Amino acid sequence: MAFKVEFVHCISKQLLNLHCMLLGGQSFRWTEKRDNCFMGVVRNYVVQIEQHPTKCRFSLSSNVKMEESAVRAELEDYLQLNFPIEDFYKLWCQRDPNHFEKKARALSGVRMLRQDPFENVISFICSQNNHISRISQLVNKVCVHFGSYITTIDGQDFYAFPSLDDLLEVKDLEKRLRDLAFGYRAAYVSKAVQFLANQQGSKGGGGGEMWLNQLRDVSYEEAKTKLLQIPGIGPKVSDCVCLMSLDKTSAVPVDTHVLQIAQRDYRVGMNKGGGGTKGKGGKLLSLTVKNYQTITDFFHELFGDYSGWAHTVLFCSDLREVPGKRKLEEQLGKTALKTTVEPVKEEFKPSDGKILKTASDEQIYG
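Remember, it's a predicted structure, so these values are computed and weren't measured experimentally.

Moving on, we come to the overall build of the protein chain. A tally of regular secondary structure across the protein chain gives 16 helices and 7 strands. Per-residue burial for the protein chain yields a buried fraction of 55% across its 366 residues. Look at the contacts in the protein chain between residues 6 or more apart in sequence, and 64% of them connect residues 24 or more apart. If you sum the accessible surface of the protein chain, you get close to 16200 Å²; carbon and sulfur atoms cover 48% of it.

Structure, rendered in structure tokens:
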């Protein structure tokens, strides 16, 4: 039996950019069913959002009974609807009138989702050297094969993301994932699950999911240090998790695309004495540990405590393709900001720690 809840939240499109938030690489559970109508899964709910110029209509379906006040609060928390995004855009424009202000004109209302930490960790382990559509396929396979059934809508079955216990019950998880075409990521996911199974909450119980959830209550530095202990998680993925599920608003995930933005628009590290490991012409050639820190320090200083949010706006604006970006610009009557960035290719060397990540400019966080 399916239970349903519907409600309306009044908020303008200029303050809520669902295209970039739901389809731009923060989560991999959402699709756009038709113009301005999005469908996805949040915890044990199938959520449909119809976005209108001044309001959003939410329709939730689940196999468990829901109370409107509770699920409404969960969705408002997930989308961070109470965050004063307009005030922060004004602040970021004041701090960076040369670049942020220009790009913000075409991309307003980009918020960070507040996701479940365990789902966020496993999803971003799957994201390595991948693109959004492929990551979405892998995450969906995890849900279909190991998660619990929620309901069927218009002939499509929906499943919750599996819990840590669900994945621990899978016999030979690595082999199952390899059979599902996860490649080398299968080993990382399996080892991450085993690592988390051995963790305990701060009160000696609760297991790995509680251990992850409690990282919301510690400093950014401590949370990142602990995340880096998980197999398959490097500096960038740890920053993604910190930013997207652990409330670390100053976390700045850096890939080769962000490296290019930092150098092209801000000349980070290119001035004499600017820090970082440089090549000819003063450019930071690759994402070494030192260069990664140079870039994150720059954005922290520029944008302050919510530098991770501001960086996400710059990142999305600069991509060649963001699902629905053109539609949003047309609706807002803005001129698209086009840039062409050549991909930077680096060899991934996890053993020596010199190169932190391989990515093309078309990848989004993955």
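This part is about the packing of aromatic side chains. This structure, assessed with the given rule, holds 21 aromatic pairs. Taking 6.3 Å as the distance between ring centres and 5° as the angle between the ring planes, the aromatic pair formed by Phe299 and Phe303 counts as stacked. Of this pair, Phe299 and Phe303 both sit in helix H14 (residues 289-303), separated by 4 residues, roughly a single helical turn. Exposure remark for Phe299: the relative accessible area of 1% places this residue in the buried category.

Counting buried positions along helix H12 (residues 235-245) gives 10 out of 11 residues, so the element sits mostly inside the fold. Buried within H12 are the following residues: Lys236, Val237, Ser238, Asp239, Cys240, Val241, Cys242, Leu243, Met244 and Ser245. For H12, the elements touching its buried residues are helix H5 (117-126), helix H11 (220-227), H14 and helix H15 (307-318). The first or second residue beyond H12 is Asp247, which carries a positive phi of 65°.

A few words now on the packing of helix H13 (residues 256-266) against H15. Between H13 and H15, whose axes approach to 11 Å, the crossing angle comes to 95°. It follows from the interaxial angle that H13 and H15 lie roughly perpendicular. Side by side, H13 and H15 meet where His257, Val258, Ile261, Arg264 and Tyr266 of the first sit next to His311, Leu314, Phe315 and Asp318 of the second. Partitioning the contact of H13 with H15 into residue classes produces 5 nonpolar, 2 polar and 2 charged.

So, on to H11. Within the span of H11, buried status applies to Tyr220, Ala223, Lys224 and Leu227. Angularly, the buried residues of H11 cover 95° about the axis, an arc narrow enough to put them on a single face.

Our focus in this paragraph is the pattern of salt bridges. The full count for this structure, using the stated rule, is 11 salt bridges. Across the pair Asp247 and Arg114 runs a salt bridge, and its minimum N-O distance is 2.7 Å. Residue Asp247 is located in the loop between H12 and H13, and its partner Arg114 is located in the loop between helix H4 (100-104) and H5; the two are separated by 133 residues in the primary sequence. Among the residues examined, Asp247 registers a relative accessible area of 32% and is labelled partly exposed. Salt-bridge contacts for Arg264 lead to Asp265; the nearest nitrogen and oxygen are separated by 2.9 Å. Overlapping salt bridges bring together Glu68, Arg72 and Glu76 as one network.

Calculation criteria
Residues numbered from 1 in each chain as written. Predicted model: local features only at pLDDT ≥ 70, side-chain atom pairs only at ≥ 80, totals over all residues. Heavy atoms only, no water. Helix = DSSP H or I, 4+ residues; strand = E, 2+ residues; numbered from the N terminus. Buried < 20%, exposed > 50% of the residue type's maximum accessible area, 1.4 Å probe, protein only. Contact = heavy atoms within 4.5 Å. Areas by Shrake-Rupley, 256 points an atom, 1.4 Å probe, with all protein chains shown as cover. Phe/Tyr/Trp six-rings, centres within 6.5 Å; stacked < 30°, edge-to-face > 60°. Axes fitted to C-alpha atoms, helices over the stretch in contact; angles between N-to-C directions. Parallel < 35°, antiparallel > 145°, perpendicular 65-115°, else oblique. Nonpolar A, V, L, I, M, F, W, Y, C, P; charged D, E, K, R; others polar. Arc of directions from axis to C-beta. Salt bridge = Lys/Arg side-chain N within 4 Å of Asp/Glu carboxyl O.

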